[in-house]
Amino acid sequence: MAFRIPSLLLLALASPLHAAVDFAHEVVPILEKNCVECHGGDKSKGGLSINSRALLLDADVLEIGKPEDSLFIEVLTAEDPEDRMPPPKKKKEALNSAEIAVLEKWIAEGLVWEEGFTFAVDRYEPPLKPRVVKLPAGEPGTNPIDLIVAAHLKSKETKAPQPVDDRTFLRRVTLDLTGLPPSPEALSELPSEGKLDRAAAVDKLLANNQAYAEHWMTFWNDLLRNEYIGTGYIEGGRQQVTTWLYRSLLENKPFDAFIREIIAPGPDSGGFIKGIKWRGVVNASQTTEIQFSQNVSQVFLGINMKCASCHDSFTDRWTLKEAYGLAQIYSEAPLELVRCDKPTGEKAEASWIFPELGNVDPTKPRDERLKQLAELVTHPENGRTQRTIVNRLWNQMMGRGIVHPVDAMNTEPWNEDILDHLANYLVVSKYDLKAVMRLIATSRTYQSRTEVRDEDEGTYVFKGPVRKRMTAEQFIDSIRQVIGVWPAPDQNAFGKNLTGGQLTAVMEAHGLKEWDKRPVRAVFAKRDELQAALGRPNREQVVSARPDIVTTLEAINLANGPELAALLKAGAANLQGKAAPRELIENTYLAALSRKPTDSEVRIALEILGETPTPEATEDFLWSIFMLPEFIYIN
Amino acid sequence: MTQENWYDEAHPELTRRRFLSALGATTAATFLGGAPRALADEKRIKQPTATADSCILIWMAGGMAAPETFDPKRYKPYEVGTPVDQIISTFPAIDTAVDNIKICQGLENIAGVMDRATLIRSHFQPDLGSILHSRHQYHWHTGYVPPQTVAAPHIGAWMAKVLGGRNDVMPAFINIGQQLEGHGESEELKAFTTGGFFGSEFGPMNLPFPDLASQAVKPPGGMSPDRFSKRYKALENLLKNSPKSGELSDYHQESMLRSIDNAHRLLGSKEREAFDLTLEKKEIFDEYNTGRFGQGCLLARRLVENGARFVEVTTEYIPFVHWDTHENGHSTVERMKKEIDRPIARLIKDLEERGLLDRTLVVIATEFSRDMMIEGVPGSIAQDQSRAATDVIKEMKHYGLHRHFTGGSSVVMFGGGMKKGFLYGATADERPCLVRENPVSIEDLHATIFTAMGISPKTEYSIEGRPFYATKDGIGKAVRDVFA
C-alpha cells in the first residue's frame, strides 16, 4: 500500500529559515494542488508521472541543480496561458512567485524526496496465495463453474445464455481440444439430439494424446517463443524446445514439473530461458538476462516486467530493482542496474519478487538459483502461477479471460470465484492441465451459445463464450482434413542443418522408425506466407493471443494466394469423381461445418458445381465454404 | 534527451504543450496486451501540415558506400601496388545540375536531376558492436534498434495506420523487390517487414517481382476474371442463404466479410491495372528496365499515380550480393549504378511531368555507408568482415569499399516539400569520413519524413501499457532546413 502522508516525525523537525526546502510541507502541497490531478496516481498525461522521484527524473523534465534549465519550471512560468501549466481548461491559477521559488529551490537542492513517499493511489492488488472458494448452493453434482456463474448472473440480473445443441458442442470442443473439426464419422455416431454423453465425448477427445499435443503445441510455441527458424539461430543464439515440448504435451506432464523443467532446464528444455541472443550490442532492457526476467514474469505470472526493466513501472508496482533481481538469478555475471539505458552504479542482487514465499540464495551457483526459482514459481502457496495458467486455458476455450487481457494478471477478474476455484482445482488434480480443460468443457457455461458481440467492451458480464477465430494452424489443418490431403512428411521437416526437423520430435516420441500415415500438422511446418498472413507470429516476442479479426491483406491472400490455391487444387483432385455433386456438397458441409446443408444451400452449391463438376468447379465450391465465417470462427 | 529536442521551431503550435508532447501525450494506460490504442489527443499533439501525400522509399539494401555515390572524395584509380589506406573513393566526381554539388561517376542521369533534390550527406547510424545488415535495416525501417519487447511497426505501417490509404482500394503500404524467402537473413528481414503491433492490416503488400505484381491483384493463376467473380458471387449467395447468417452481426464476422469485400473490390478495380507493367508504353518501360529494380521504380510510379500512400522499392538485400560488397567493391558498385541511375532519374522526371513530384516525397537511403579500412566507426569493436583484406592492391577484387561504415552516409530526397538543388551536412574529406556538420540521426531523418507526410514524430500508440512513438521515445526532430 502506498505511503501517502509524510511522517509526523518529520513535521516536528520544522526547518529553520535558511534551511533546505521542506519536501513534505512546502513541495508536496504545491504538487498536490497543481500537478497531481493529471500527473499523479494512475494519471500520467503526456507520459509524465510525478508519483516518485525516480519517475520524475526518468521523465527528463528537469536538471538537478539547474532550475533555470528545467522545462518543469519553464512551463509553470510561461507568459502565454496557452503554453502554461496547469492548462487553462483545468481552471487553476498560475503558480505564484513564492511557489515557483520553492520548486526552484527544491530542484537546485537536489530534488529531495521522502523515502517511500508516492502519489500513486491504491490499485487492485491481486491476492498472491490461493483462496478457498465457498461454492454457492445448487443441485448436487452440478459443475462448480456453473454454480458460480449462476450466482454471478443472478447478481447481475442477467439470464443464462441458452445451451448449444450436441452438434455445435461437438464441433466447438473438438476444435478447442484437438484443433480439428469433428470427423464425419464422429458426427454420424451422434445419438439423437440431447442424448450425447458430453462428458464422455470430452474424455475421448482428451484421450487422443497426439491430436491434443499437436493442437496445443501452437499455444505453447507462441508462449515459449519456440520457432524453428529465425532471428538468433544464425550464430547459435537461440535454441528450440520442440522435442521436449511435444513429449511433455503428449504425456500431459503435470504443469508444476513442466515449469520446473523450463526454468531449471535439462539439455533439451533450455531454449526458453536462453532467450534470443542478438549479435552486437543490444539495449540494456533486451539482454538475454533481462529477457529471462521479462519472459518468466509474463508467461508464468502474468506480470509485465517490460516497463520495469527500463525504469520503475508507473502502470503497476514493479520496480527496476525487482526486474534486475530476477535477471540476476539467471545471470552468471553480476549485473548493474541500468535505468533507461543509463547505468546507475547499483548492483543487482538475485531475488524473487514475492519474498513472502521465500527467496533464492544469491550466494548459490546459478543452477542452484534456477532450481530455487522454479520451486518458488511452483510453490503450492503461489496462487499467482496457478491463476495465470488456468486463466490462459479459460481464455483459449471461452474466448475471453476471467482476467483480461491474460498477460495483465494485476487486473481485477470479472469473477474471482471462478478463477480461484479453477486454480485450486489445478492443484488438487496435481497440476493436470487436461483436468482443468475437462472441468471447463463439461460445464454448462462452456456449452452455452456464443455471445453476439460488439467491439466495445465495458464492464464484463458473462453472456456466453466469445467466438474464437481459428488459428492459422487450425485453419490449414481443418481444410486438409476436409479435403483429405496431408503433405508428405518431407515437405515439412526441414533439412537437419536448419532445425533438426520438427517431425523427428514426433517420431522419437512415438517410437516411429519411419513416418506412418498420421497427418503432418501445420504446427510443424515452416511459417509460410499463408500462415503469416493468417496471424502466426514470428515468435521474436512472447505471444499469448492471436489476432481475432481477418484483415484485408489476409483476405487478398485468401482470394488469390498460391498456398491456398494449391490446397484447393489438391483437394479438388482428391475428391474428383468420388461422389455425385449432391453427395459432395453434403459431405463437405458435414466435414467443414459439422452440419447438413439446407435445401437452398444445396441449390446454390449445385449451381457452382454443375452436373458433372470440373476440378475448377470443385475448387470454387470448396473456397466458398472455407471463406464462410461459420468455418473460420469457432462458434 | 536534451531540452532542444522537444522544441520544434517549425511547428510553434507544438510548443503550446511541448512539455507534454515531448514526453509523449499519453495517459499511461494500464491496458496491457490486446490491440494498440491511439493516444492521439488532437489538443495535445497537433499533426503538422503535410507537404507530401505519398512517399517512395528507394532502398539501397546492403550498405551503399557514400564515397562511391553521392559523397565523392579524393579519387584513386585502380593500380596494382597502391596501399589501400590511400584509397577513399574509387570513382571520380562528376558535375551535376547544381553548381556546388558533385556526385560520383556512373550516376550521370541522377546528376541531371539533382536540381530537384535535397542531398543530405550527414546521416549516421549508431555503432551496434557487430554489423548485421538486417539489424541495421530493422533499425532504419522501424526507428528502433532490435530487439524490442514489442514488435515495432515498419515506417510504412505507421503511414498506413495514421494516414490510411489515399483511396478505398489501393493498399496503403506496398513493398517492392524484396524476396522474403530463401536466403540467410530472410527471417530477420521479415521481422521488420511487418505491421508490427499494429497488426497485419497495416503491414506491407509484398511484391518481390515487379513483373509479376499484377498477379497479386489478379485471380489466382489460371482463373479467369469471370470465374473469379462467379466464385465471389457464390460465396455471397451461400452467406445470404446460410441458416447461421443471423450470427453475422458479431463484430469479428463482420470484419471478416468487410475484408473479403475490400479484397475483391481491389481485385475488381481500375486501380489494379497499376500493378500491370505490360500496360506501360514500351519505350517508357524500356527506359526503366535495368532489371528488377528499374521495373520496381516504374511500378512505384504507377502505384503512386493510383493512390498508394507508401511504397518501398529495394535493390534487394541478399547477403554478400548487390550493395553488400565484401570484395570486388568497385566493379560491383559500377554495376549497381547502371541498375539504379536511369530508372531513378526517369522516376523523378515522370513524377514531375505528371505534376506529382510536389506532393510525392522520394527518399533514397541505405542502412550505412562503407569504407576501405574502417569497420563500424574508428574504435569500434565490430569484427572486420572484409573478404578482400589486404594492405596493398594486388588484384581487382581488392579495389573497393569492403567494410561497413556507420559514421556518415548520404540520403537523397526529391519532391514532397523538400528544397531543390540543396546540400545539407558534410563528412570529413579524409579518412575517417565522419559527419562533420549537421548530423542527422535516424530519429531526425524519420521525423523529417513523417513531418512531410503530416505525421508528428511524437505521434504515439499504447501497447502493453507502454507508449510507443513514431520516432524513438518521441525524440525525432524534423530537419527544418531541408523543407522548401
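Residues numbered from 1 in each chain as written. Chains lettered and ligands numbered in written order. Predicted model: local features only at pLDDT ≥ 70, side-chain atom pairs only at ≥ 80, totals over all residues.

**Brief notes about the overall build of chain B**
- Each helix and strand counted, chain B has 13 helices and 17 strands in total.
- Counting only residues that meet the buried cut, chain B has 61% of its 484 residues in that class.
- In chain B, the proportion of contacts linking residues at least 24 apart, taken out of those at least 6 apart, comes to 74%. (Helix = DSSP H or I, 4+ residues; strand = E, 2+ residues; numbered from the N terminus. Buried ≥ 20, exposed ≤ 12 C-beta atoms within 10 Å, placed from the backbone. Contact = placed C-beta atoms within 7 Å.)

**Some thoughts on the overall build of chain A**
- Across its full length, chain A holds 31 helices and 4 strands.
- Viewed in the frame of its principal axes, chain A has a C-alpha envelope of about 100 × 55 × 55 Å.
- Burial statistics for chain A: of 635 residues in total, 51% are counted as buried.
- Excluding contacts between residues fewer than 6 apart, the proportion of contacts in chain A whose partners are at least 24 apart in sequence is 66%.

**Side note on the packing of helix α29 (residues 599-609) of chain A against helix α30 (residues 615-626) of chain A**
All names here are of chain A.
- Interhelical geometry of α29 versus α30 gives an angle of 145° and a closest axis separation of 8 Å. Here Ala605, Ile608 and Leu609 of α29 lie close against α30, whose contacting residues are Ala617, Thr618, Asp620, Phe621 and Ser624.
- When the residues that make up the contact of α29 with α30 are grouped by side-chain class, the tally is 5 nonpolar, 2 polar and 1 charged. (Axes fitted to C-alpha atoms, helices over the stretch in contact; angles between N-to-C directions. Nonpolar A, V, L, I, M, F, W, Y, C, P; charged D, E, K, R; others polar.)

**Regarding unusual backbone geometry**
All names here are of chain A.
- A cis amide bond links histidine 404 to the next residue, proline 405, at an omega of 0°.
- Examined against the element boundaries, proline 405 turns out to sit in the loop between α18 (383-398) and α19 (416-428).
- A positive phi angle, close to 50°, is found at asparagine 252, a residue other than glycine.
- As for its position among the elements, asparagine 252 is in the loop between α12 (242-250) and α13 (255-263).
- Accessibility expressed as a C-beta count within 10 Å gives 18 for asparagine 252, which makes it partly exposed.
- Positive phi values are uncommon outside glycine, yet serine 594 reaches one of about 60°.
- Looking at the secondary structure, you find serine 594 in the loop between α28 (581-593) and α29.

**Regarding the interface of chain B and chain A**
- Contact with chain B, which involves 76 residues of that partner, is made by 82 residues of chain A.
- Among the secondary structure elements, those contributing two or more residues to the side of chain B that touches chain A are α2 (18-23), α6 (186-192), α8 (225-240), α9 (251-267) and β17 (466-469) of chain B.
- Counting residues per element, the side of chain B that touches chain A draws most heavily on α9(B), which supplies 13 residues.
- Of the residues that constitute the side of chain B that touches chain A, the class distribution is 34 nonpolar, 27 polar and 15 charged.

**Let's talk about the pairing of strand β2 (residues 342-347) of chain A**
All names here are of chain A.
- With respect to burial, β2 is a largely exposed element, only 0 of its 6 residues being buried.
- As paired elements, strand β1 (residues 336-339) and β2 share 3 bridges and run antiparallel to each other. Directly across from arginine 339, in β2, lies its bridge partner lysine 342.
- Hairpin geometry of β1 and β2 is characterised by an intervening segment of 2 residues between the two adjacent antiparallel strands and by a positive phi of about 45° at cysteine 340. (Pairing = 2+ DSSP bridges.)

**Considerations on the pairing of strand β5 (residues 117-123) of chain B**
Residue and element names in this part refer to chain B.
- Counting buried positions over the 7 residues of β5 gives 7, a clear majority of the element.
- Pairing geometry for β5 and strand β13 (residues 422-424), over 3 bridges, is parallel. In the strand pairing of β13, leucine 119 is matched with leucine 423.

**Some remarks on the environment of Thr378(A)**
All names here are of chain A.
- Within the secondary structure, threonine 378 is located in the loop between α17 (366-377) and α18.
- You can call threonine 378 buried: it has 20 C-beta atoms within 10 Å.
- Between the C-alpha atoms of threonine 378 and isoleucine 259, which are 119 residues apart in sequence, the distance is 7.3 Å.
- What threonine 378 contacts, discounting residues up to four positions off in sequence, is Asp256, Ile259, Arg260 and Thr385.

**Some words on the domain arrangement of chain A**
- What the domain assignment lists for chain A is domain 1 (8-108), domain 2 (213-377), domain 3 (383-469) and domain 4 (472-487 + 527-634).
- Here the C-alpha centre of domain 3 of chain A lies 44 Å away from the C-alpha centre of domain 1 of chain A. (Domains from an automatic or database assignment.)

**Some thoughts on the confidence of the model for chain B**
Residues and elements named next belong to chain B.
- Model confidence for chain B is summarised by a mean pLDDT of 88, while 90% of its residues fall at 70 or above.
- Counting interchain partners and residues more than four positions distant, the pLDDT-below-50 stretch residues 1-34 has 97 contacts.
- Taken together, the chains of this predicted complex give a pTM of 0.79 and an interface ipTM of 0.78. (pLDDT = per-residue confidence, 0-100.)

**Things to note about helix α4 (residues 133-142) of chain B**
Residue and element names in this part refer to chain B.
- For α4, the buried fraction is high: 10 of the 10 residues fall into the buried class.
- Where α4 is concerned, the buried positions are His133, Ser134, Arg135, His136, Gln137, Tyr138, His139, Trp140, His141 and Thr142.
- Each element contacted by the buried residues of α4 is listed here: α5 (155-162), α6, β9 (360-366) and α13 (442-452).
- Phi for glycine 143, located one or two positions after α4, is positive at around 85°.

**A look at the sheet that holds β9(B)**
Residues and elements named next belong to chain B.
- As summarised here, the arrangement of the 8 strands in space is β7-β6-β8-β2-β9-β12-β5-β13, forming an open sheet in which the pairing is mixed. Taken across any chain shown, the strands that pair with only one partner, and hence form the sheet edges, are β7 (205-207) and β13. Put simply, the sheet's adjacent strands are angled 15° from each other on average, direction ignored.
- Along the sheet, helix α12 (residues 329-353) contacts β2 (54-60), β9 and β12 (409-414); its crossing angle with β9, the most-contacted strand, is approximately 165°.

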